[in-house]
Amino acid sequence: MSVPPAPEKQEEVQAVEARISGSRILVDDVRVQDELRTRGYGEKEGDDYVLKPYEALYLMQAKRLTVKGKEMTFDSLFEFLLKHDRNIMTRFLVYRDLKSRGYVAKEGFGFGDDFRVYERGEYEKKPARYVVFGVSEGANVSAKDFASAVEEIEKMGKDAVVAVIERRGEVIYYKASRMRFAQNKHDTSIPGK
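Rules used throughout
Residues numbered from 1 in each chain as written. Predicted model: local features only at pLDDT ≥ 70, side-chain atom pairs only at ≥ 80, totals over all residues. Heavy atoms only, no water. Helix = DSSP H or I, 4+ residues; strand = E, 2+ residues; numbered from the N terminus. Expected span 1.5 Å × (residues − 1). Buried < 20%, exposed > 50% of the residue type's maximum accessible area, 1.4 Å probe, protein only. Arc of directions from axis to C-beta. Contact = heavy atoms within 4.5 Å. Salt bridge = Lys/Arg side-chain N within 4 Å of Asp/Glu carboxyl O.

Draft legend 1. Expanded view of helix 5 (residues 143–155). Taking 1.5 Å of rise per residue, 13 residues should cover 18 Å, and helix 5 covers 18 Å from first to last C-alpha, within 8% of that figure. Buried residues of helix 5: A149, V150 and I153, and no others. All buried residues of helix 5 fall inside an arc of 95° around its axis, so they share one side. Exposed residues lying more than 90 degrees from the buried face of helix 5 are A143, K144 and K155. Turning to helix 5, the residues buried within the fold contact strand 8 (130–136), strand 9 (159–165) and strand 10 (171–176). Of the residues trailing helix 5, G157 is marked for its positive phi of about 80°.

Now the structure itself:
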């Protein structure tokens, strides 16, 4: 697997020891949970504190995550997670890029590989401003599905942003918005029409 190198800026988080239960990555230490929560990592699910797969990969690449009872590397964790999520690389690359730019990114609203993204310094203070959804270069996305996602995001009062992952793993962002063609009528005077 060829993963582009991590961006220079890595957020400092204390070492996290996690355990794997089924396909979930759990953190048991309450003090570590608190630090992770304030920095935008993981979520409480019932009695468990769960890291999302892309968060675990990010922390593993930053050499901040170990897995109890297993010698896991980034590659072995990636292979394990790939069995449960075929889009894990897309999610990881977008998440890593957003984190390297200083944003907090949380699980999105279900528009594919999407994230709620908070302005710098506004996590837990204000609602997310953006919904960023990842698309791998060359992926087939219908115009109808794309337009529908943008419309739903705008209805929530968020800015829609498309993160296109190039074949080399670089991420390029495009702000998307709806466009209406009010005067779009079929002109029968055009020859051949």
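What follows picks up the thread again.
Draft legend 2. Just the pattern of salt bridges, in detail. Throughout the structure, instances matching the rule amount to 22 salt bridges. Between E166 and R168 there is a salt bridge, with its nearest N and O atoms 2.9 Å apart. When salt bridges that share partners are traced, they join E151, E152, E154, K155 and R178 into one network.

Draft legend 3. Representation of the environment of S177. Structurally, the position occupied by S177 is in the segment after strand 10. Residues S177 and D159, spaced 18 residues apart in sequence, show a C-alpha to C-alpha distance of 7.9 Å. Those residues within four positions of S177 in sequence are excluded, and the remaining contacts are V150 and E154.

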